[in-house]
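# Inside the fold
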Amino acid sequence: MKQIQKPAEGEYAPYAIMYIGLVPDDGLVLEHLRENLQMVKDLVGFLPDEKLSSPCAPGEWTIKEILVHVSDTERIFAYRALRFARNDTTELAGYEQDAHVAASGANARNIEDILAELTAVRMASIALFNAFDEEVMKRSGVSNKHNLSVRSALYQIAGHELHHVNSIRENYLAEE
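Residues numbered from 1 in each chain as written. Predicted model: local features only at pLDDT ≥ 70, side-chain atom pairs only at ≥ 80, totals over all residues. Heavy atoms only, no water.

## As for the pattern of salt bridges
If you walk through the whole model with that rule in mind, you get 10 salt bridges. Here Arg109 makes a salt bridge to Glu117, at a shortest N to O gap of 2.8 Å. Accessibility expressed as a relative area gives 17% for Glu117, which makes it buried. In this structure, Arg122 and Glu161 form a salt bridge, with 3.0 Å as the shortest nitrogen-oxygen distance. Separated by 39 residues along the polypeptide, Arg122 in helix H6 (residues 111-130) and Glu161 in helix H8 (residues 150-171) bring together distant segments of the chain. (Salt bridge = Lys/Arg side-chain N within 4 Å of Asp/Glu carboxyl O. Buried < 20%, exposed > 50% of the residue type's maximum accessible area, 1.4 Å probe, protein only. Helix = DSSP H or I, 4+ residues; strand = E, 2+ residues; numbered from the N terminus.)

Dropping the structure here:
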């Protein structure tokens, strides 16, 4: 199993430690991504559409919106990693997550389609990062005005998902 060490301070924006810190420090981040995908499917796949499409409070995202947001963010971070892995020095812009969620149409979709999309995105991410060697993993560039290494993008993908899984458990499933 390929091991990829956690990024060091300075390889990511200061806020990103909230995501990176959620990922086990065993270097098996690709395996964790694979396992976490199944965990998400098991967590939400059985929920009724009303639960999946209703926010936990006014102004909050629904579970479907959260899952599409996780896919969108994973795509964006994988794209950033690819650019930096290929020695592209173009500074990359950030993105407005709330605008993405509002435009996603997630609540009109069925959960099977959302989970199929998440699976496709995840498998593509695992294949992409698995292709990078240790030297490539340490390459970096500037994204959203902060340094971002390739391996940091990977760990942020994994930790971001865990952050939202924790949120779903606490805000949507705590009474179940």
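## With respect to the side chain of Arg122
Given a relative accessible area of 0%, Arg122 falls into the buried group. At 2.9 Å, the side chain of Arg122 and the backbone oxygen of Leu33 are in polar contact. (Polar contact = N/O pair within 3.5 Å; in protein donor to acceptor, adjacent residues only side chain to side chain.)

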